Amino acid sequence: MKAVHFGAGNIGRGFIGKVLHDNGYEITFADVNEEIIDALNRDGKYTVHIAEENGGVYEISGVAGINTAKDAEDLAQAIAEADIITTAVGVNILPIIAKTIAPHLEKRSEGKLLNIIACENAVLATDTLKAAIAAEVGTHAFTNIGFPNSAVDRIVPMQKNENILDVKVEPFYEWVIEADNWMGDDKLDGVNYVPDLMPYIERKLFTVNTGHAAIAYYGKTLGYTSVSEAMQDDEVVVFLRNVLNETTLYLTENYDFTQAEQSQYIDKIIGRFKNPYLSDDLDRVGRGVLRKLGPNDRIIKPLVYLHENGHDHDALSELVVHALKFDNEDDPEQVEMNQIISGKGMTHFLSEHSDLEKELLEEIEAKI
Ligand SMILES: NC(=O)C1=CN([C@@H]2O[C@H](COP(=O)(O)OP(=O)(O)OC[C@H]3O[C@@H](n4cnc5c(N)ncnc54)[C@H](O)[C@@H]3O)[C@@H](O)[C@H]2O)C=CC1
Ligand SMILES: O=P(O)(O)OC[C@H]1O[C@](O)(CO)[C@@H](O)[C@@H]1O
């Protein structure tokens, strides 16, 4: 069985690549990073290290790389032969990946089943990819292709290893896939197939990712540089819990999760954030600030819901303020946001970019 995975980065190699390998797939990683692609083709393998006491080390073999900027023919062949195509590139890159994949789908032999799955931190990212592919070539090649949405959860920080392919990951992982949109009977082991993905994806996004954002933006405000450093400060943990108590209300009111289940989930996630064997920069966790302040993302969506329904949303409003003040000049989204804010002001930015209404804007403005 063959897989093509777009994005040979942290999640690609450390999570999706490992699951596919454990399921017996030969994996071709498709990326624009020449150094990584050359190393994959040179070594044909890499190792995944589990960040815990006496953590396991797993060899991921049978891997190769394709440079999507250069090797169009190799990519065409890999896509023609693939049983599964996955991505972990960042949701904003999906339109580019769609352009890369689309022309090759028509050349696949009729009857060969394929699943295409976007593994990004965004709600229904596979739908986004599917729509972008359809915009390129129409839907006539889709007959034997499944496009299940998915939610992926595993903390994989920036890597500082001797071998650039090796990757250190937290022990926990969860990959949830929409069962009904999966094509064929060959399901993946180690993946949870569910009839309705929305509760899982929003629970993950509005707990793990909102929580992580809270640590990054508030932690940086207090002068910390890493998650482990920030999590030693009770003030950060109290703020984190306040934020997550607010998103809990969104989740328990919109889905069947009980308060007790959500509390357990939060405790587990706080334990993951405190993992002493992982070293994670606040700059990485807070990167992509424009995306993270988008109307459907981890901060604004629950905030607007709580405000509209008359619920407490003080901590989330404060989180917006910390995000606006986040200081990471290496993040192009931060640079763009700062330019907008310095030209037109924070309120204009929140109104235009985050789609916030007057009353909420005034509340946030009062906290700036
Ligand atoms: N790192 C983490 O802990 C988690 C990340 N995610 C999500 O997974 C996705 C990837 O994140 P990471 O692996 O951390 O990022 P990363 O930056 O380590 O990897 C992204 C990879 O995509 C490649 N790429 C960029 N543009 C490309 C293009 N046009 N064609 C082919 N490859 C391209 C980059 O060269 C890079 O190797 C994001 O959507 C992120 O939100 C989800 C859960 C956990
Ligand atoms: O690009 P994003 O959305 O921050 O994605 C990475 C985030 O996802 C997570 O892995 C959680 O699953 C966090 O480690 C990390 O902050």
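In this text, all values refer to a predicted model and were calculated from it rather than measured experimentally.

K.L.:
What should I look at first to understand the overall build of the protein in this one?
P.N.:
Secondary structure summary: the protein contains 16 helices and 12 strands in total. The buried share of the protein, taken over its 368 residues, is 44%. Taking the intrachain contacts of the protein between residues at least 6 apart in sequence as the baseline, contacts between residues at least 24 apart amount to 72%.

K.L.:
How should the site of ligand 2 be read in this particular structure?
P.N.:
Around ligand 2, a shell composed of Asn121, Asp153, Ile155, Val208, Asn209, His212, Val285 and Gly288 is seen. Looking at the shell around ligand 2, the element that brings in the most residues is helix α6 (residues 198-221), giving three residues. In terms of residue class, the shell around ligand 2 is made up of three nonpolar, four polar and one charged. Formed jointly, the shell around ligand 2 draws a minimum of three residues from each of two domains, domain 1 (2-194) and domain 2 (198-367).

K.L.:
I tried to follow the domain arrangement of the protein on my own but got confused; where do I start?
P.N.:
Frequently, the measure chosen for interface size is the accessible area removed from exposure when the parts meet. Looking at the assigned domains, one finds that the protein contains domain 1 (2-194) and domain 2 (198-367). Each residue belonging to the side of domain 1 that touches domain 2 can be placed in one class, and the counts come to nine nonpolar, three polar and three charged.

K.L.:
Would you explain the site of ligand 1 in this entry?
P.N.:
Taken together, 25 residues sit near ligand 1, with Gly7, Gly9, Ile11, Glu120 and Asn121 positioned nearest. Among the elements of the structure, α1 (10-22), β2 (26-31) and α4 (94-105) are those that each provide at least two residues to the shell around ligand 1. In terms of residues, the shell around ligand 1 owes the most to one element, α1, which gives three residues. Taken together, the residues that form the shell around ligand 1 break down as 14 nonpolar, eight polar and three charged.

K.L.:
So what exactly am I meant to see when it comes to the UniProt feature "binding site: NAD(+)" (unreviewed entry) in the protein here?
P.N.:
The UniProt entry lists Ala3, Val4, His5, Phe6, Gly7, Ala8, Gly9, Asn10, Ile11, Gly12, Arg13 and Gly14 under the feature "binding site: NAD(+)" (unreviewed entry), expressed in the numbering used here. Relative to the helices and strands, Val4 is located in strand β1 (residues 2-6). In this structure Val4 comes out as buried when scored by C-beta crowding, with 26 C-beta atoms within 10 Å. Residues within four places of Val4 in sequence aside, it is in contact with Thr28, Ala30, Ala78, Ile79, Ala82 and Ile85. With respect to the helices and strands, Ala8 occurs in the loop between β1 and α1. On the basis of neighbour count, Ala8 is assigned to the buried category, with 29 C-beta atoms found within 10 Å. Sequence-distant contacts of Ala8, defined by excluding residues within four places in its chain, comprise Arg13, Phe29, Asp31, Asn33, Ile36, Leu40 and Gly65.

Conventions adopted
- By convention here, each chain's residues receive numbers from 1 onward along its written sequence.
- Key to labels: chains lettered from A, ligands numbered from 1, both in the order written.
- For this predicted model, a pLDDT threshold of at least 70 governs which residues receive local features, and a threshold of 80 or more governs which side-chain atom pairs are given and counted, while totals over whole chains, interfaces and linings are taken from all residues.
- Numbering of helices and strands runs from the N terminus, with a helix taken as a DSSP run of H or I at least four residues long and a strand as a DSSP run of E at least two residues long.
- Exposure in this text rests on C-beta crowding, where 20 or more other C-beta atoms within 10 Å of a residue's own make it buried, 12 or fewer make it exposed, and counts in between make it partly exposed. The C-beta atoms are placed from the backbone.
- Each residue is represented by a C-beta atom placed from its backbone, and any two residues with such atoms within 7 Å are regarded as in contact.
- All residues are tested the same way: a C-beta atom is placed from the backbone, and lying within 6 Å of a molecule or strand makes the residue near it.
- Under the grouping applied here, Gly and all other residues not named as nonpolar or charged are polar, the nonpolar ones being Ala, Val, Leu, Ile, Met, Phe, Trp, Tyr, Cys and Pro and the charged ones Asp, Glu, Lys and Arg.
- Domains are outlined according to an automatic or database domain assignment.
- UniProt positions are given in the numbering used here, feature names are shortened, and annotations may be inferred rather than shown by experiment.

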